[in-house]
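Survey of secondary and tertiary structure
Chain by chain, the residues run as shown.
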Amino acid sequence: MNSYGVTEAAIDSSFYDEELSKLPSSGHVPIGQAWLNARFYIVDSQLNPVPIGVLGELCIGGAGVARGYPNRADLTAEKFVANPYVPGERLYRTGDLARWMLTAM
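In short, a report on the structure. (Residues numbered from 1 in each chain as written. Predicted model: local features only at pLDDT ≥ 70, side-chain atom pairs only at ≥ 80, totals over all residues. Heavy atoms only, no water.)

1. As for the pattern of salt bridges
- Enumeration according to the criterion identifies three salt bridges in this entry.
- Close ionic contact of Arg39 with Glu89 constitutes a salt bridge, the shortest N to O distance being 2.1 Å. Linking Arg39 in strand β4 (residues 38-43) with Glu89 in the loop between β6 (80-82) and β7 (90-98), this pair joins segments that are 50 residues apart in sequence.
- The partner of Glu57 in a salt bridge is Arg93, with the nearest N and O atoms 2.7 Å apart. (Salt bridge = Lys/Arg side-chain N within 4 Å of Asp/Glu carboxyl O. Helix = DSSP H or I, 4+ residues; strand = E, 2+ residues; numbered from the N terminus.)

Have a look at this one:
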């Protein structure tokens, strides 16, 4: 079992559960799929989606995304951006690199 998340987006934003015998031989455990009210986007520096298998920045959207950092307008503006895919929603730019996989390896 593996869960992934950041404080800025409801801590546990994804979940991966697989039998030990089916874990990737690489030793890298996938973060799984977004769950509850989270949405994941893997994007380039301009917030454009990257193709499957290409590294990009993981951004999290959905109801669990925080409003920002208290007394840190500069950091809030950098990390919390308008979601170009869901009007009225914001994305949290995690800074984490990720890539979409066709299947868990």
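2. A few points about the sheet that holds β4
- Spatially, β4-β5-β7-β6 is the arrangement adopted by the four strands of the open sheet, whose pairing is antiparallel. Each of the sheet's edge strands pairs with one partner strand only, and the pair in question is β4 and β6. Averaged over all adjacent pairs, the angle separating strand axes in this sheet is 40°, with direction ignored.
- Relative to β7, strand β5 (residues 56-62) runs antiparallel, the two sharing five bridges. Residue Gly56 lies in a different strand from β7, and its bridge partner there is Ala98. (Pairing = 2+ DSSP bridges. Axes fitted to C-alpha atoms, helices over the stretch in contact; angles between N-to-C directions.)

3. A word on the sheet that holds strand β3 (residues 33-34)
- Pairing is antiparallel in the open sheet, where three strands are placed in the order β1-β2-β3. The two strands at the open ends of the sheet, each matched to only one other strand, are β1 (2-4) and β3.
- Two strands pair when backbone bridges link them, and β1 and strand β2 (residues 14-16) are joined in this way by three bridges, in the antiparallel orientation. Residue pairing for β2: Asn2 is matched across the bridge by Tyr16.

4. Notes on the packing of aromatic side chains
- Applying the stated criterion across every chain, the model contains five aromatic pairs.
- With a centroid separation of 5.7 Å and 45° between ring planes, the pair formed by Phe15 and Trp35 is classed as tilted. Here the residue Phe15 occupies a position in strand β2, and Trp35 occupies one in the loop between β3 and β4, the gap between them amounting to 20 residues.
- Phe15 sits in the partly exposed class, given a relative accessible area of 34%.
- A residue is classified by how much of its surface remains accessible, and Trp35, at 34% relative accessible area, is partly exposed.
- Between the aromatic rings of Tyr69 and Phe80, the centroid separation amounts to 5.4 Å while the plane-to-plane angle is 70°, which identifies the pairing as edge-to-face. With Tyr69 in the loop between β5 and α1 (73-79) and Phe80 in strand β6, this residue pair connects regions lying eleven residues apart in the sequence.
- Chaining the aromatic ring pairs together yields one cluster made of Tyr69, Phe80 and Tyr92. (Phe/Tyr/Trp six-rings, centres within 6.5 Å; stacked < 30°, edge-to-face > 60°. Buried < 20%, exposed > 50% of the residue type's maximum accessible area, 1.4 Å probe, protein only.)

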